[in-house]
Amino acid sequence: MSKEKIFRNLAVSGPQDLIFGFAPKPVKCGFDLTIGAGTVFPEVNFTLPVMDVSTKTWPEVIAHYEEMATNILKRAVAMKVPGIVLEFEQLPQMTETPEWGAEITALLERHLKQNYEKYGLRGAARITPADIRGPAGVKGVKPVMRHGELWEKLNRSFDLCIAAGGDLISIESIGAKEVHDEGLMFGDVRAIVFALGVLACRDMTWLWSQIVDKCEKSGHSVPAGDTACGFANTSMVLAYQKLLPDVVAAVDRAMAGVRTLKAVECGAKGPSKDCGYENPIVKAISGIPISQEGKSATCAHFSHVGNMSSTMCDLWSNESVQNIRLLSGNAPEAYTELLAYDVRLMNIANEKKQGKIFQSWMIESDQNVSAIGTILAPESVYTIAKAIVAEETDYLRTVAAGKAALDIIQKSVDKKNLNLGKKELQWLERLHKEFANLPKDENVLAEEIFGTMGHLFDPECYGLKVAAAAAK
Amino acid sequence: MSKEKIFRNLAVSGPQDLIFGFAPKPVKCGFDLTIGAGTVFPEVNFTLPVMDVSTKTWPEVIAHYEEMATNILKRAVAMKVPGIVLEFEQLPQMTETPEWGAEITALLERHLKQNYEKYGLRGAARITPADIRGPAGVKGVKPVMRHGELWEKLNRSFDLCIAAGGDLISIESIGAKEVHDEGLMFGDVRAIVFALGVLACRDMTWLWSQIVDKCEKSGHSVPAGDTACGFANTSMVLAYQKLLPDVVAAVDRAMAGVRTLKAVECGAKGPSKDCGYENPIVKAISGIPISQEGKSATCAHFSHVGNMSSTMCDLWSNESVQNIRLLSGNAPEAYTELLAYDVRLMNIANEKKQGKIFQSWMIESDQNVSAIGTILAPESVYTIAKAIVAEETDYLRTVAAGKAALDIIQKSVDKKNLNLGKKELQWLERLHKEFANLPKDENVLAEEIFGTMGHLFDPECYGLKVAAAAAK
Amino acid sequence: MTDLKKLHKAIVEGDAKTAVEVTKAALAEGAKPLDLIQNFMIPAMDEVGKLFEEEEYFVPELLLSGRAMRGAFDLIRPLMAAQGVQPTGRVVIGTVQGDLHDIGKNLVAAMLEGAGFEVTDLGADVAPEKFVEAVKAKNANIVAFSAMLTVTMPKMQTTIEALKAAGLRNQVKVMVGGAPISQAYCDQIGADAYSDTASGAAAIAREIVVNQKVSAQFAEKGEKTLAGIAAAGKGTK
Amino acid sequence: MTDLKKLHKAIVEGDAKTAVEVTKAALAEGAKPLDLIQNFMIPAMDEVGKLFEEEEYFVPELLLSGRAMRGAFDLIRPLMAAQGVQPTGRVVIGTVQGDLHDIGKNLVAAMLEGAGFEVTDLGADVAPEKFVEAVKAKNANIVAFSAMLTVTMPKMQTTIEALKAAGLRNQVKVMVGGAPISQAYCDQIGADAYSDTASGAAAIAREIVVNQKVSAQFAEKGEKTLAGIAAAGKGTK
Ligand code: B12
Ligand code: B12
């Protein structure tokens, strides 16, 4: 188990050092691909159309991945991209049968190798097994996180994918989702903070020290990083559908930075995963390169940060699109060309030392449209990152991140930049109070939440001892 | 019949005046939408998925257009776009039954009206009947262009769509396609020049003076403009598939500028149609606003000018996408958000007086990747436009455009900016010779081509008298 | 006498404690259960529904009000059952097999409860047999599937076939939803209704029940269902 | 004696005039038609095909070579027919009803001709009945549909049904293509083969014929078809 490295100060000296294409600690991986050394690369994520996945349909599944890999890399070569990352987000069935996920990993590596040898195309594959632990969301069943058949399969999936040559290993881990979801649904801020600041950080540490260990032993695979998709994307998508307050989603996203940073504290090298909109905070603190997604990922979900999300990206992603036919060709191929043109503009701006000008437009595009946009601007990210490293424990760092985000939003509202509706302002008021009332000692909060939501989670699965709080 | 206005000089004083969002002669149309007055708007084109169009399926067709209009405008309001153009490219069946095309036109106008009244959303609908004349491509049948049942239907389609309140009227006219296609297939430069410079210009004049007349009489509909899709998109797509030389497609595109300009000479006001990559030449000469498409239209076709095509756009389009489901929602909705984010960046750059910086990156992105990219850069466009207005007749202007494009490509090759393969350089050589040998007198060429391709076209359909050349 | 307007206020403000207290007191004073439901509880939830529609209320406020109403209704349900009053309808809901996305499904379940339906939530990753079992056990008249993955959507069709095999297809109306689902897909797999929002789901469910499009056995007790009562209350029966 | 290498060179350079002259002279000097085809014309077209594959040749060069070969072959066809030599196969091709896009289809037709097929090109906007008529009249063994519009693609299926109704489905292999077409759509409508390029189309057509997957009536004359001859020439029969 690798020892945790806690970041006491930031990897950048100010927001001016946060720009797309450059990361303090570039990562070399795959076929001669160096991420974060001054060039933004496209990250193309491609998935299956509507079909069943079973032993019977497996040949058809493979045929789809062959076609997608062929079309995407043909397009990449035609577009003369400087390099490319293929993301294979395993669907649950492919992690439940680890051999399936590994077979597709090997297929992708073969295609990358061929194109590298034939055309000199630099590339790497990111393999993202599905976090099938729990199982999450099954009525009356407390998710089982650190043992059991599902964890064994996930564990084996990592091993087989690494053995199959997977260049970058990632996962959208869902430790503490059961508490966080409930917290979001009922607007229970204390439950949300506890889930992210205590439970999730513990699960990340337990999980990522093992992933890092496996990768280091392989001598090839790079432990790339995680994403708070199950937490802050849930709140972002809900906020986008006006089902949750934007300010709640913004604070959730800021706090998620602490949880996603844990992977790096355990030894992950980056690029942190595309749907982690909190990655800029991780980059500011740890210096690792990050993948981001925005306007060119509307095929997967909508958001109010389509341009802001490209301000500090080292990889630019389409999140995910099915292998379906458009008028030009298949969707993965069409999105490869779109991403290739997007990154060309960013790379040229950097070559002409005008990256900051481009960034300024991206910021102005989204900064005052939503609270999430406000807290993801480089300056806000830097402020939140500073507040985080000033604290000792995961819990206090999470609370600090939340408070920092609230102050940034409040300042922007006071300066009439961000104008929030009546409801949102009421929630902003309430969040200030809630964060002010949070206990200093996380054990107090643990007992409280165990009292109200003890039926949802098993503390032992997070290595947490909770004095059996008197049933409320 | 409105009199033709021939442009003797340019609407701009130099390439520096050619920038996205600004056109010398802005156009006011639809629901309080002014195009070309400093703001770029998205133009969303949406079409049917794989289905039959018949009286039996018509209710389903209408349901699709209802859903598309609702989703697109909902997204536009959510994204707070400054304004929007909906493009309805009629499918052949909808022009063959003119009432169908008009019914959908009225549907779109209703949706635009509702959203204008409820949310203040500025918008307009561009209606593009299909040029069903000919019919084109039927073996051994010379296309009938100026009379006959197909022309009657197209004519009636214009009338009904204008009566239904269509804001912007366009068409992808195909006059002379039968000769141009043959010319492309056999690399017959003389046939290509004749088709574009003589036949196509005559058809454009005949057709567009009638369209302009109808629009002026309506007091509402704006005659927007044409596109050389059937000519220069055919050669561009063929060149992209390496089936035709890039230099041929580039020269074809430059010459197409003269043919597409004819609509404006007849009174069209713009915005010229999205898939007319030659529109910048039309803008430089006539000053009208133009629609363009590129990287955000890879859903419809691929190209080497994904960024160059946005350098001078007043509308930014996705060309066309079917109403199929992606992971986020339907494709038209996903592309609306993508286009909205693209135009936000362009508009912010202009607001900060930095539009030219953004344009410089777009130019550098594609200028030296293909010959088409080279001739579509603002400087090249200006040079080609100047060469055109210096000539008197359509034919000589077409030849001049071709020669200007060849010189621009040659200079770029000599300066080692554009490096073309051996084959392409051979074709460049050949094109220089072919253009040098073109007769000054178009009638000489007319007789020659009538001799070799008289079996393909009927001169009378273009109002052309050709002395019955002795059968070769 | 207890001021029953406080019950309405407690539900709208999501104050479960007060809602339960006021209901207990009212019942003790002999208030008629039907009156409590018809004139206080249902109007309160309608107001909550409207506030949610107008984006005045977010999901937390909606669910807290739902919790307050359920708290009060639990005191009344035994009395209602005694008088033969049925819930608006009985729904079985779940995310289909292989799919763990449950946020959307949870919202739909909450909205259905708010509309007076008895909801049996099977959670996520639910095998076809478990849907069949629950529809039988609960004598449901609506079954709702949620899916978020292109590779689990086909399980909706598998589950419909399982219902057919068990002879239950005609007992239930099938509702489907989830980000990648569409009306076209709903029609393609032979489901009965689709909506892309939780409130849409509740509206369709209510329409199914009120228009007696549901199986006969609820028909004659139309006005005795919650929705029927609410409709009677508003004279829109 | 005429230097026959000039025939090979004329075809590769797309010089129809010389190709015709050299063939005429050779035949007059008693050259054997089979020899002209096997050792000069087919190798020439193979070289052209390779140049096209390697993007040395563009479509114009390809079609000019095709025209040169057809010019020479027209002199030989009557002699071949007399000896019972059949064309590699007989193809009927067209863009389906309602669709006027024909560039892609024209390329496929040209490539098939280059591969020794007898091609009947019905043009664009071709009604199902016209395909049926041509397949019958030409005794075709391959029918090829092109479509570029989502709203004309279904006509491919309508035309396949028309072939079935006319009892011709088993006489032909059905090939489909065009930008919006995919292998999945090909399988869905029960067509036999799909390709997204013109050269792919020719390769599939040749494979269909050479592997005798075509209807019996060509089977026994396998080696007598152009492709059979070419294959024999290369010892890959
Ligand atoms: C949050 C999220 C997660 C969370 C789930 C949290 C949770 N508790 O549900 C976590 C992190 C667990 C997750 C995991 C994965 N996910 Co996920 N996830 C999402 C995301 C971003 C949002 C989904 C969401 O919660 N939306 C908010 C709710 C409110 O909206 P909704 O679900 O659409 O529901 C509304 C309507 O649909 C409707 N509705 C919903 N259900 C029903 C039912 C009925 C009957 C009716 C009438 C209406 C209705 O009402 C709801 C309210 O408005 C989506 C993106 C997207 N486009 O949705 C990806 C997405 C669905 N996930 C995806 C993927 C690939 C995965 C993983 C495989 C990734 C991985 N390898 O780890 C795993 C698989 C997990 C599993 N075993 O199923 C892909 C699916 C791609 C595909 N091929 O289909 C998506 C589209 C994202 C992407 N990558 O593009 N995911
Ligand atoms: C050029 C073009 C035209 C030209 C056609 C010129 C011609 N002679 O064909 C003109 C201007 C006439 C035209 C008109 C229209 N078009 Co158009 N057009 C195109 C464009 C840009 C290129 C097509 C092309 O020539 N490609 C070059 C050739 C070489 O490629 P290809 O056709 O794909 O063929 C290759 C392969 O597919 C394969 N192949 C082709 N056929 C076959 C057959 C077999 C058996 C096999 C094995 C292989 C095979 O081999 C070929 C060589 O590699 C396409 C865009 C696109 N995505 O393709 C739009 C496109 C097809 N058109 C479109 C539209 C909407 C139209 C119009 C309705 C627009 C309008 N309102 O005017 C009209 C309708 C005309 C009609 N009645 O059919 C849409 C279709 C949208 C939809 N719903 O399906 C497209 C996709 C463009 C867009 N707007 O997005 N069009």
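As a reminder, the structure under discussion sits directly above these lines.
It should be emphasised that the depicted structure is a prediction, and the values quoted were computed from it without experimental measurement.

Trainee: If you had to explain the overall build of chain A to someone new, which residues and values would you point to?
Mentor: From N to C terminus, chain A includes 16 helices and ten strands. For 472 residues, the compact-globule formula gives about 23 Å, and the C-alpha radius of gyration of chain A, at 21 Å, lands near that figure. Expressed as lengths along the three principal axes of its C-alpha atoms, the size of chain A is roughly 65 × 50 × 40 Å. For chain A, the residues scored as buried account for 69% of the 472 residues in total.

Trainee: Let's hear about the coordination of the cobalt atom of ligand 2: which residues, and what values?
Mentor: One donor from the polypeptide reaches the cobalt atom of ligand 2: His-101 of chain D (NE2), at 2.4 Å. Considering the arrangement of structural elements, one finds His-101 of chain D in the loop between β1 (90-95) and α5 (103-114).

Trainee: Kindly report on the relation of the copies chain B and chain A, identifying the contributing residues and their values.
Mentor: Take chain B, turn it by 180°, move it 0.0 Å along the axis, and it overlays chain A with an RMSD of 0.0 Å. The superposition operator between the copies reduces to a two-fold rotation axis. Minimal C-alpha distance to the rotation axis in chain B is attained by Phe-358 of chain B, lying at 3.9 Å. A share of 100% of interface residues in chain B that are also interface residues in chain A marks the association as one of identical surfaces.

Trainee: So, the site of ligand 2: which residues are in play, and what are the values?
Mentor: Lining the immediate environment of ligand 2, one finds 49 residues, of which Ala-300 and Glu-319 of chain B together with His-101, Asp-102 and Thr-150 of chain D sit closest. At the site occupied by ligand 2, the surrounding residues belong to chains A, B and D. A distance of 2.6 Å separates a nitrogen atom of ligand 2 from a polar side-chain atom of Asp-102 of chain D. Broken down by secondary-structure element, the contributors of at least two residues to the shell around ligand 2 are α5 (177-186) and α7 (229-240) of chain B together with α5, β3 (142-146), β4 (173-177) and α9 (198-210) of chain D. No other element matches α7 of chain B, which puts five residues into the shell around ligand 2. When the residues that make up the shell around ligand 2 are grouped by side-chain class, the tally is 24 nonpolar, 17 polar and eight charged.

Trainee: Outline the site of ligand 1, supporting the account with residue identities and numerical values.
Mentor: Within the structure, ligand 1 sits among 49 residues, and Ala-300 and Glu-319 of chain A together with His-101, Asp-102 and Thr-150 of chain C are positioned closest to it. Of the chains in the model, those with residues near ligand 1 are chains A, B and C. At 2.9 Å, a side-chain N or O of Lys-177 of chain A approaches a nitrogen atom of ligand 1. Looking at the shell around ligand 1, the elements that each hand over two or more residues are α5 (177-186) and α7 (229-240) of chain A together with α5 (103-114), β3 (142-146), β4 (173-177) and α9 (198-210) of chain C. For the shell around ligand 1, the leading source of residues is α7 of chain A, giving five residues. Taken together, the residues of the shell around ligand 1 sort by class into 24 nonpolar, 17 polar and eight charged.

Trainee: With reference to specific residues and values, describe the environment of Asn-141 of chain D.
Mentor: Within the element layout of this structure, Asn-141 of chain D appears in the loop between α6 (128-138) and β3. Separated by 51 residues in sequence, Asn-141 of chain D and Arg-90 of chain D have C-alpha atoms that sit 5.7 Å apart.

Trainee: Let's hear about the interface of chain C and chain A: which residues, and what values?
Mentor: Contact residues are listed per partner, giving 28 residues for chain C and 32 residues for chain A. Carbon and sulfur atoms make up 66% of the surface buried where chain C meets chain A, a total of about 2700 Å² over both sides. Considering only the surface of chain C that becomes buried against chain A, Phe-58, Ile-103 and Val-151 of chain C emerge as the three largest contributors, covering 25% of it. At the boundary of chain C with chain A, the tally comes to five salt bridges. Taken together, the links from chain C to chain A amount to eight residue pairs in polar contact (both at pLDDT 80 or more). Those elements that provide at least two residues to the side of chain C that touches chain A are α4 (59-82), α5 and α7 (154-165) of chain C. In terms of residues, the side of chain C that touches chain A owes the most to one element, α4 of chain C, which gives six residues. A class-by-class count of the residues in the side of chain C that touches chain A yields 16 nonpolar, four polar and eight charged.

Trainee: Give me the interface of chain B and chain A: which residues, what numbers.
Mentor: In this complex, chain B contributes 48 residues to the contact, which on the side of chain A involves 49 residues. Counting across the interface, chain B meets chain A through six salt bridges. Remark: the boundary between chain B and chain A carries 36 residue pairs in polar contact (both at pLDDT 80 or more). Secondary-structure elements contributing two or more residues to the side of chain B that touches chain A are α1 (58-78), β10 (321-322), α10 (331-351) and α11 (355-366) of chain B. Element by element, the count of residues in the side of chain B that touches chain A is highest for α10 of chain B, at twelve residues. Split into classes, the residues belonging to the side of chain B that touches chain A amount to 22 nonpolar, 14 polar and twelve charged.

Trainee: Can you tell me about the pairing of β4 of chain C, naming the residues and giving the values?
Mentor: Residue and element names in this part refer to chain C. With respect to burial, β4 is a largely interior element, four of its five residues being buried. Bridge count for β3 against β4 is five bridges, and the pairing is parallel. From the neighbouring strand, Ile-142 faces β4, where its bridge partner is Lys-173. One crossover worth recording links β3 to the parallel β4 by way of α7, and it is right-handed. Looking at chain direction, β4 and strand β5 (residues 193-194) are connected through two bridges and run parallel. By the bridge assignment for β5, Met-175 is matched with Ala-193. Assessed by its sense of winding, the connection that carries the chain from β4 through helix α8 (residues 183-188) to β5 is right-handed.

Trainee: So what about the sheet that holds β1 of chain D? Which residues, and what values?
Mentor: Residues and elements named next belong to chain D. Spatially, five strands are ordered β2-β1-β3-β4-β5 in an open sheet, and the strand pairing comes out parallel. Each edge of the open sheet is held by one strand with a lone partner, namely β2 (118-121) and β5 (193-194). Summarising the sheet, β1 and β3 pair through five bridges and their orientation is parallel. Bridge assignment links Gly-94 to a residue of β3, and that residue is Phe-145. Against the sheet, α6 contacts β1, β2 and β3, and its axis sits at roughly 165° relative to β1.

Trainee: Go over the packing of aromatic side chains, please, and point to the residues and values.
Mentor: To describe a pair of aromatic rings, you give the distance between the ring centres and the angle between the ring planes. Overall, the coordinates contain 27 aromatic pairs over all chains when judged by the stated rule. Between Tyr-240 of chain A and Phe-302 of chain A, the aromatic rings sit 6.1 Å apart at their centres with planes inclined by 35°, giving tilted as the arrangement. Residue Tyr-240 of chain A is found in helix α7, and its partner Phe-302 of chain A is found in the loop between β8 (291-293) and β9 (315-317); the two are separated by 62 residues along the sequence. Using a relative accessible area of 13% as the deciding quantity, one classes Tyr-240 of chain A as buried. Overall, the relative accessible area of 9% leaves Phe-302 of chain A in the buried class. An angle of 15° between the planes, with centres 4.4 Å apart, marks the rings of Trp-58 of chain B and Trp-100 of chain B as stacked.

Trainee: Tell me about the sheet that holds strand β2 (residues 118-121) of chain C, and name the residues and values.
Mentor: Residues and elements named next belong to chain C. Here five strands make up an open sheet; going across it, the order is β2-β1-β3-β4-β5 and the pairing parallel. The open sheet has two free edges, formed respectively by β2 and β5, since each of these has just one partner strand. Taken strand by strand, helix α6 (residues 128-138) contacts β1 (90-95), β2 and β3, and its axis lies near 165° from that of β1. On top of the sheet, α9 reaches β3, β4 and β5; it is set at about 170° to β4, its chief contact.

Definitions and cut-offs
- Residues numbered from 1 in each chain as written.
- Chains lettered and ligands numbered in written order.
- Predicted model: local features only at pLDDT ≥ 70, side-chain atom pairs only at ≥ 80, totals over all residues.
- Heavy atoms only, no water.
- Helix = DSSP H or I, 4+ residues; strand = E, 2+ residues; numbered from the N terminus.
- Rg over C-alpha atoms; globule rule 2.2 N^0.38 Å.
- Buried < 20%, exposed > 50% of the residue type's maximum accessible area, 1.4 Å probe, protein only.
- Donors = N, O, S within 2.8 Å, 3.2 Å for Na, K, Ca; no water.
- Least-squares fit on C-alpha atoms with pLDDT ≥ 70 in both.
- Contact = heavy atoms within 4.5 Å.
- Near = heavy atom within 4 Å.
- Polar contact = N/O pair within 3.5 Å; in protein donor to acceptor, adjacent residues only side chain to side chain.
- Nonpolar A, V, L, I, M, F, W, Y, C, P; charged D, E, K, R; others polar.
- Buried area = accessible area lost by both parts, 1.4 Å probe.
- Salt bridge = Lys/Arg side-chain N within 4 Å of Asp/Glu carboxyl O.
- Pairing = 2+ DSSP bridges.
- Right-handed = clockwise from strand over helix to strand, strands pointing away.
- Axes fitted to C-alpha atoms, helices over the stretch in contact; angles between N-to-C directions.
- Phe/Tyr/Trp six-rings, centres within 6.5 Å; stacked < 30°, edge-to-face > 60°.

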